[in-house]
Amino acid sequence: MQYKGVLMSKLSAISMGSAVVNLCAGREGSLGVVHSVFKKAVNVIGPDGRLVSFSVRGTPNFPSNVITDCPAEVSLQGLGIVPGQVAHYRLGTVTIGAVTIDLGGSIYFPALTRGRQTFRPELLPTTLAYVAECAAVTRQANANLPLFLALSRGAMPQGAEITLAEPFTASLWHNLCALSGALMNDCHPEAEASARRLLGLGGGLTPAGDDALAGFMVSLHFVAAAQQGSEQARLALTHLCERLIAPRGVATTIFSQEMLRFAALGYFTDVFEDLLLAILAGKKEELAPLIKRQLSIGASSGSDQLLGMLVGLSTPFVYLRFLCRPFDVIAFPW
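Residues numbered from 1 in each chain as written. Predicted model: local features only at pLDDT ≥ 70, side-chain atom pairs only at ≥ 80, totals over all residues. Heavy atoms only, no water.

1. A short note on the pattern of salt bridges
- Counting across every chain of the model gives 8 salt bridges.
- Here E122 makes a salt bridge to R120, at a shortest N to O gap of 2.6 Å.
- With a relative accessible area of 36%, R120 lands in the partly exposed category.
- Within the structure, one salt-bridge network assembled from shared partners comprises D270, D274 and R293. (Salt bridge = Lys/Arg side-chain N within 4 Å of Asp/Glu carboxyl O. Buried < 20%, exposed > 50% of the residue type's maximum accessible area, 1.4 Å probe, protein only.)

Next comes the structure, spelled out in structure tokens:
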């Protein structure tokens, strides 16, 4: 297959996630078999059940994603790759059928592995309201529009009564709020029950409940890191998040399982992380384009992930006793 005179059977990585680098280190042979082929991504599943994705230019960075130089206008479905084919790795090159991918691109490391971030807790309440307002006026806000509107006006997630005509959106909101409240009250069994009700909630490759839960967990990790918690605290938070998503293997899709596995560690897309870092730093002038970019992800995934982030960041963290040191609880005005 050719595109503008260029043979598309030979691709090169623009960037690849650090998890892919670790997977390939010192390895030669099969990476796994092709699980699925979409317009923008080819997904390979390894013997351990984990996915590696090879995607077109312009897709978000993610720990297990390889972004190739294949133009976004070109469908990967036209390259002759089909489910069941073996993906071979040798000397920095992946071969799938007649397609070769040179993995010589730059490496994407999740933000939590790149050092300390700026945190302006005194600005957080007004920044969150501004983010919700920006999301509400963006047409990509979809079914979550009434939730973003309510958050922009100061609705508090814990116990907030928001009138929602759509039962699905009401269920998503109720379970997110229940999860937040349970963590505030240090009731982990209740938190796990709320997370179970979010797992697999909705349709699509990554259901809305999974997207929101992922956004929620990543926000917890970033606040904890910004407060300079100990390694013991980070591991404790990771352990709790892993308990929240423990039933994912039977509750949701394989794509959500991969997303949630990394989210429980605090790792996500560069799009989400850039927005989250700007929110924590109170960089209001940078937020509008970052919010628009986040909301452009998928049919509704970007919106659901953002909703989970806002609820997570709106949880005044008495719960961050995981930091093993005194913590000044953020005084939200609502």
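Once you've had a look at it, read on.
2. Digging into the environment of V137
- Positionally, V137 belongs in the loop between α2 (124-136) and α3 (145-152).
- Taking the C-alpha atoms as reference points, V137 and F148, separated by 11 residues in sequence, lie 9.1 Å from one another. (Helix = DSSP H or I, 4+ residues; strand = E, 2+ residues; numbered from the N terminus.)

3. Brief notes about the packing of aromatic side chains
- Within the structure shown, the criterion is met by 4 aromatic pairs.
- Measuring from ring centre to ring centre gives 5.9 Å for F38 and F255, while their planes differ by 65 degrees; the resulting arrangement is edge-to-face. On the criterion of sequence distance, the pair formed by F38 in the loop between β4 (29-37) and β5 (41-45) and F255 in helix α9 (residues 254-263) is long-range, its members being 217 residues apart.
- Between F62 and F262, the ring centres sit 5.3 Å apart and the planes meet at 85 degrees, which makes this aromatic pair edge-to-face. Of this pair, F62 sits in the loop between β6 (51-55) and β7 (65-68) while F262 is found in helix α9, placing the two residues 200 residues apart along the sequence. As far as the burial class goes, F62 and F262 line up, both buried.
- Through pairs of rings, three or more aromatic residues link up here, namely F62, F262, F268 and F272.
- Lying across the ring of F262, R261 places its NZ or CZ 4.3 Å from the centre. (Phe/Tyr/Trp six-rings, centres within 6.5 Å; stacked < 30°, edge-to-face > 60°. Lys NZ or Arg CZ within 6 Å of the ring centre and 35° of its normal.)

4. Notes on the packing of helix α10 (residues 270-280) against helix α12 (residues 301-313)
- Look at α10 against α12: their axes get within 12 Å of each other, and the N-to-C directions meet at 30 degrees. Relative to α12, α10 is oriented roughly parallel. Relative to α12, the crossing made by α10 is right-handed. Here F272, L275, L276, I279 and L280 of α10 lie close against α12, whose contacting residues are Q305, L306, M309 and L313.
- Residues of the contact of α10 with α12, tallied by class, amount to 8 nonpolar, 1 polar and no charged. (Axes fitted to C-alpha atoms, helices over the stretch in contact; angles between N-to-C directions. Parallel < 35°, antiparallel > 145°, perpendicular 65-115°, else oblique. Left-handed = near helix turned anticlockwise from the far one by under 90°. Contact = heavy atoms within 4.5 Å. Nonpolar A, V, L, I, M, F, W, Y, C, P; charged D, E, K, R; others polar.)

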